[in-house]
Amino acid sequence: IFGRCIGSIKSTDHELGNNENYYPRTTFVRYGFEVVQTCQVGKVFKCVTLTEQREKSFFTEPLSCLPSEVNPCDILKPKYKSGHASKFIDYDSFFNSSLILHDDVLSPFLEKLKPHLMDVQ
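Now for a quick tour of the structure. (Residues numbered from 1 in each chain as written. Predicted model: local features only at pLDDT ≥ 70, side-chain atom pairs only at ≥ 80, totals over all residues. Heavy atoms only, no water.)

Below, the discussion takes up the packing of aromatic side chains. Tallied over the full model, the rule gives 4 aromatic pairs. Consider the rings of Y91 and F94, whose centres lie 6.5 Å apart with planes at 85°: the pair is edge-to-face. Within this pair, Y91 and its partner F94 are both found in helix α3 (residues 91-98), separated by 3 residues, close to a single helical turn. As far as burial versus exposure is concerned, Y91 and F94 are alike and both buried. A ring pair is formed by Y91 and F95, whose centres lie 6.0 Å apart and whose planes are at 40°; its orientation type is tilted. Of this pair, Y91 and F95 are both found in helix α3, 4 residues apart, which corresponds to roughly one turn of the helix. (Phe/Tyr/Trp six-rings, centres within 6.5 Å; stacked < 30°, edge-to-face > 60°. Helix = DSSP H or I, 4+ residues; strand = E, 2+ residues; numbered from the N terminus. Buried < 20%, exposed > 50% of the residue type's maximum accessible area, 1.4 Å probe, protein only.)

This is the structure in structure tokens:
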């Protein structure tokens, strides 16, 4: 779903994150055909519709930054996606790089990562 939506990002406002009342949001634009009018004249059948634009904003902070308890010493620097998604963490590469951790470190790391992933989900 995210792959289909990523091309329709209108704006991200992650740069304004220095205000304590700030919540990072991303706005997506969707074009749809919500109303279709039909008309039949004899054997001719016509469909007429207009596109409608809708915008919806989502809280996207869990996609853009890791909580400090997950990565307290910045052992694993997250990489970010490219293009339209450059504000979002590339979790595939993050998981691959976490595999280098020793099992004694990996287990507590994964325990702290789980609540964050539940937020992302």
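More follows now that the structure is in view.
Here we come to the side chain of T27. With respect to the helices and strands, T27 occurs in strand β2 (residues 25-32). A residue is classified by how much of its surface remains accessible, and T27, at 12% relative accessible area, is buried.

The subject of this paragraph is α3. Of all the positions in α3, only Y91, S93, F94 and S98 are classed as buried. Down the axis of α3, the smallest arc covering the buried residues is 160°, so these residues share one side. Opposite the packed face of α3, turned more than 90 degrees from it, sit the exposed residues D92 and N96. On its buried side, α3 packs onto α2 (61-64) and α4 (103-120). (Arc of directions from axis to C-beta. Contact = heavy atoms within 4.5 Å.)

Turning our attention to the packing of α3 against α4. Relative orientation of the contacting elements α3 and α4 amounts to 170°, with a least axis distance of 12 Å. With respect to α4, the element α3 is oriented roughly antiparallel. The handedness of the crossing between α3 and α4 is left-handed. On α4, the residues touching Y91, F94, F95 and S98 of α3 are L106, F109, L113, H116, L117 and V120. Each residue belonging to the contact of α3 with α4 can be placed in one class, and the counts come to 8 nonpolar, 2 polar and no charged. (Axes fitted to C-alpha atoms, helices over the stretch in contact; angles between N-to-C directions. Parallel < 35°, antiparallel > 145°, perpendicular 65-115°, else oblique. Left-handed = near helix turned anticlockwise from the far one by under 90°. Nonpolar A, V, L, I, M, F, W, Y, C, P; charged D, E, K, R; others polar.)

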